[in-house]
Amino acid sequence: MDILEALKERILILDGGMGTCIQQAGLKYDGNNDALPMTNPDAIFKIHKAYVEAGADIVSTCSFSANAVSQEGYGMQNRAREMNKAAAKLARCAAITARDRQVWVMGSMGPTSKSLFIAEMMMDPDETLDYDKLMSAYYEQASGLIEGGVDGFLVETVTDARNAQAALSAIDMVQKEFGTNLPIMVSASIMNNSGCLMTGISIKELYDVCEPYGLLSFGLNCSFGAKELYPFIKEISSFAKCAVSVYPNAGMPTANGYEEGPCDTANAISAMARDGLVNIAGGCCGTTPEHIRHVAEALKGMPARKY
């Protein structure tokens, strides 16, 4: 069964926060999570495997910022393709540990450390980014992910529609080169209760930019807690012609960590599921395998959104 068929039958469970687990594991590194699949593969494998064991149907690669633009800050821009290939192979190894069911691997492609909106619209002289440079970085990233064996792509935490368009265009070019037709998930992060992205555009406007690329899913991640995301997921469900995804933070960060426990996150996402709004659910910053375990249990047997 492919992932599209599975989505018609049930709500699929996405994994949770990678950075959160890296911090909890106390890994010693320079802040560059995306290098860890090469420098500490055992630790990243264990995190993926914990999410699989918690019930995740989809695991995302540890490659959020593994692009040449973001890696310039670490002096590792020339190893971006290698990073993505390593990240995809590790996630694949963890996915196949679920011997009784299928687990899909999605290649995580996050926003870069620079924004095209700022570079092009604000004409900031400190921004050296242009569309061709960004597309080239995403092209290299997508190529490495395919070489590592992903089942699809997750363009996530989108805050700039132009960056998302560059990522989707690069994926399209890479897929034509490799002769693949892997599914694409797009997930945005909104700034506040206005429901707008950092650049000021609405969720619907972003969807209209991304929809021509043939999306598997469209939704929201990060932002804030699931309860606060409810009205925006309901809005997306009203217009999206694809699956709808949600993987929020565990509420807002506090001095003692994130405010939502596993039951809180699961209960809030369950409300969306009961109202027929979602097809894919998981967690972002602050969420752990225990959060995902509770979400998987809470959504078991609930019907998927029809689309």
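Please refer to the structure higher up on the page.
Structural notes, computed from the coordinates.

Parameters at a glance
Residues numbered from 1 in each chain as written. Predicted model: local features only at pLDDT ≥ 70, side-chain atom pairs only at ≥ 80, totals over all residues. Heavy atoms only, no water. Helix = DSSP H or I, 4+ residues; strand = E, 2+ residues; numbered from the N terminus. Rg over C-alpha atoms; globule rule 2.2 N^0.38 Å. Buried < 20%, exposed > 50% of the residue type's maximum accessible area, 1.4 Å probe, protein only. Areas by Shrake-Rupley, 256 points an atom, 1.4 Å probe, with all protein chains shown as cover. Lys, Arg positive; Asp, Glu negative; His and termini not counted. Charge placed at Lys NZ, Arg CZ, Asp CG, Glu CD. Salt bridge = Lys/Arg side-chain N within 4 Å of Asp/Glu carboxyl O. Disulfide = S-S within 2.5 Å. Contact = heavy atoms within 4.5 Å. Pairing = 2+ DSSP bridges. Phe/Tyr/Trp six-rings, centres within 6.5 Å; stacked < 30°, edge-to-face > 60°. Lys NZ or Arg CZ within 6 Å of the ring centre and 35° of its normal. Axes fitted to C-alpha atoms, helices over the stretch in contact; angles between N-to-C directions. Left-handed = near helix turned anticlockwise from the far one by under 90°. Nonpolar A, V, L, I, M, F, W, Y, C, P; charged D, E, K, R; others polar.

Considering the overall build of the protein chain
When helices and strands are counted, the protein chain shows 13 helices and 10 strands. The C-alpha radius of gyration computed for the protein chain amounts to 18 Å, which stays within 12% of the reference 19 Å derived for 307 residues, consistent with globular compactness. Within the protein chain, the fraction of its 307 residues that count as buried is 56%. On the protein chain, roughly 12,700 Å² of surface is accessible, and the fraction owed to carbon and sulfur atoms is 51%. Charge separation in the protein chain, taken as the distance between the mean sites of 25 positive and 36 negative side-chain charges, equals 6 Å.

Comments concerning the pattern of salt bridges
All chains considered together, the criterion is met by 11 salt bridges. Between Arg 10 and Asp 57 there is a salt bridge, and its shortest N-O distance comes to 3.2 Å. Of this pair, Arg 10 sits in the loop between helix H1 (3-9) and strand S1 (12-13) while Asp 57 sits in the loop between helix H4 (41-54) and strand S2 (58-60), placing them 47 residues apart in sequence. We classify Arg 10 as partly exposed; its relative accessible area is 34%. Across the pair Arg 79 and Glu 82 runs a salt bridge whose closest N-O atoms are separated by 2.9 Å. Within the structure, one salt-bridge network assembled from shared partners comprises Arg 10, Asp 57 and Arg 101.

Let's talk about unusual backbone geometry
Most of the time, phi is negative for any residue but glycine, and the peptide bond is trans. Positive phi outside glycine occurs at Thr 157, with the angle close to 55°. Position of Thr 157 relative to the elements: it lies in strand S4 (residues 152-158). The backbone of Cys 222 shows a phi angle near 60°, a positive value even though the residue is not glycine.

What about the state of the cysteines?
Counting across every chain of the model gives zero disulfides. No disulfide involves Cys 263; its nearest neighbouring cysteine sulfur is the one of Cys 21, lying 17 Å away. Cys 263 gets classed as partly exposed once you look at its relative accessible area, which sits at 45%. Free of any disulfide, Cys 285 has its nearest cysteine sulfur in Cys 222, 3.9 Å distant. Overall, Cys 285 belongs to the partly exposed group, its relative accessible area being 28%.

Some thoughts on the side chain of Asn 249
Along the chain, Asn 249 turns up in the loop between strand S7 (243-248) and strand S8 (253-254). If near-sequence neighbours (up to four positions away) are discounted, Asn 249 is found in contact with Cys 222, Ser 223, Phe 224, Gly 225, Ala 226, Tyr 258, Glu 260, Cys 284, Cys 285 and Thr 287.

Some words on the pairing of S4
Among the seven residues of S4, seven are classified as buried, and the element is accordingly described as predominantly covered. Where strand S3 (residues 104-109) lies against S4, four bridges are found, and the strand directions are parallel. Across the sheet, the residue bridging to Met 106 is Gly 152, located in S4. Sheet topology note: the S4/strand S5 (residues 184-188) ladder contains four bridges and is parallel.

Brief notes about the packing of aromatic side chains
A ring pair, where both rings are aromatic, is described by two values, the distance of the centres and the angle of the planes. What the rule picks out here adds up to two aromatic pairs. Ring geometry for Tyr 207 and Phe 218: centres 5.2 Å apart, planes at 75°, overall edge-to-face. Of the two residues, Tyr 207 sits in helix H10 (residues 203-210) while Phe 218 sits in strand S6 (residues 217-222), which places them 11 residues apart along the sequence. Residues Tyr 207 and Phe 218 agree in their burial class; the two are buried. Connected via pairs of aromatic rings, a cluster forms that spans Tyr 207, Phe 218 and Phe 239. Above the ring of Tyr 307, the side-chain terminus of Lys 8 is found at 3.9 Å from the ring centroid. Its guanidinium or amino end placed over the ring of Phe 239, Lys 204 lies 5.5 Å from that ring's centre, counting from NZ or CZ.

Overview of the pairing of S7
Most of S7 is tucked away: six of the six residues are buried. Burial along S7 is two-sided: Ala 243, Ser 245 and Tyr 247 facing one way and Val 244, Val 246 and Pro 248 facing the other are all buried. Across six bridges, the pairing between S6 and S7 is parallel. Bridged to Cys 222 within S7 is Pro 248.

Observations regarding the sheet that holds S3
Ordered by their spatial adjacency, eight strands build an open sheet running S1-S10-S7-S6-S5-S4-S3-S2, and the pairing between neighbours is parallel. Sheet topology places S1 and S2 at the edges, where each strand pairs with a single neighbour. Contacts between H10 and the sheet are confined to S4, S5 and S6, with S6 contributing the most and set at about 135° to the helix. Contacts between helix H11 (residues 226-239) and the sheet are confined to S6 and S7, with S7 contributing the most and set at about 165° to the helix.

With respect to the packing of helix H12 (residues 262-274) against helix H13 (residues 289-299)
Closest axis-to-axis distance for the H12/H13 pair is 8 Å, and the angle between their directions is 35°. H12 and H13 meet at a crossing whose hand is right-handed. Counted together, Pro 262, Cys 263, Thr 265, Ala 266, Ile 269, Ser 270 and Ala 273 of H12 and Glu 290, His 291, His 294, Val 295, Ala 298 and Leu 299 of H13 form the full contact between these two elements. Taken together, the residues of the contact of H12 with H13 sort by class into eight nonpolar, four polar and one charged.

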